[in-house]
Amino acid sequence: MPEGGALTIATNRNAAGILLTFTDTGMGMTAEQQARLFEPFLTTKVRGTGLGLAIVHRIIVDAHRGRITVTSVPHRGTTFRIELPV
Ligand SMILES: Nc1ncnc2c1ncn2[C@@H]1O[C@H](COP(=O)(O)OP(=O)(O)OP(=O)(O)O)[C@@H](O)[C@H]1O
Ligand SMILES: [Mg+2]
């Protein structure tokens, strides 16, 4: 959120496991950006490595058999939803 905004973090629990959501009011992403989000070294930041979400994917999906999904609207914001089985 280069111009500031709100980041809302929520946690929930159900029979299947734990649900975490991270919702920001930042720049959002196009469908094309979202499709390649978890690829390593893909970045739009001047000093980004593009590794952040590739590592998140490895931890959530590969190591813990969870799921991570994203919904995003350009210029409006983004929600990441993480489901972890318990
Ligand atoms: N919440 C978000 N809102 C808008 N764009 C995002 C968001 N999260 C990720 N992106 C986009 O996805 C790209 C890849 O993110 P990722 O975390 O993998 O790498 P990075 O943030 O660029 O680099 P680093 O994690 O090393 O700082 C970002 O450069 C940005 O374009
Ligand atoms: Mg990052």
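Located above this text is the structure these notes cover.
Residues numbered from 1 in each chain as written. Chains lettered and ligands numbered in written order. Predicted model: local features only at pLDDT ≥ 70, side-chain atom pairs only at ≥ 80, totals over all residues. Heavy atoms only, no water.

Moving on: the overall build of the chain. The helix and strand inventory of the chain stands at 2 helices and 4 strands. Helices (α) and strands (β) of the chain occur, in sequence order from the N terminus, as β-β-α-α-β-β. Taken along the three principal axes of its C-alpha coordinates, the chain extends 40 × 25 × 20 Å. Residues counted as buried form 23% of the 86 residues belonging to the chain. For the chain, the proportion of contacts with a sequence separation of at least 24, taken over those separated by at least 6, is 47%. Summed over all atoms, the accessible surface of the chain reaches about 6300 Å², with 58% contributed by carbon and sulfur. Across the chain, the mean location of the 9 positive side-chain charges is 6 Å away from that of the 6 negative side-chain charges. (Helix = DSSP H or I, 4+ residues; strand = E, 2+ residues; numbered from the N terminus. Buried < 20%, exposed > 50% of the residue type's maximum accessible area, 1.4 Å probe, protein only. Contact = heavy atoms within 4.5 Å. Areas by Shrake-Rupley, 256 points an atom, 1.4 Å probe, with all protein chains shown as cover. Lys, Arg positive; Asp, Glu negative; His and termini not counted. Charge placed at Lys NZ, Arg CZ, Asp CG, Glu CD.)

Our focus in this paragraph is the pattern of salt bridges. Counted under the stated rule, the structure contains 3 salt bridges. For Glu-83, the salt bridge goes to Arg-67, with nearest N and O atoms at 3.1 Å. You can see Glu-83 sitting in strand 4 (residues 77-85) and its partner Arg-67 sitting in strand 3 (residues 67-73), a full 16 residues away along the chain. On the basis of relative accessible area, Glu-83 is assigned to the partly exposed category, the value being 24%. Close ionic contact of Arg-81 with Glu-83 constitutes a salt bridge, the shortest N to O distance being 3.9 Å. Within the structure, one salt-bridge network assembled from shared partners comprises Arg-67, Arg-81 and Glu-83. (Salt bridge = Lys/Arg side-chain N within 4 Å of Asp/Glu carboxyl O.)

All quantities given are derived from atomic positions and should not be read as evidence of function.
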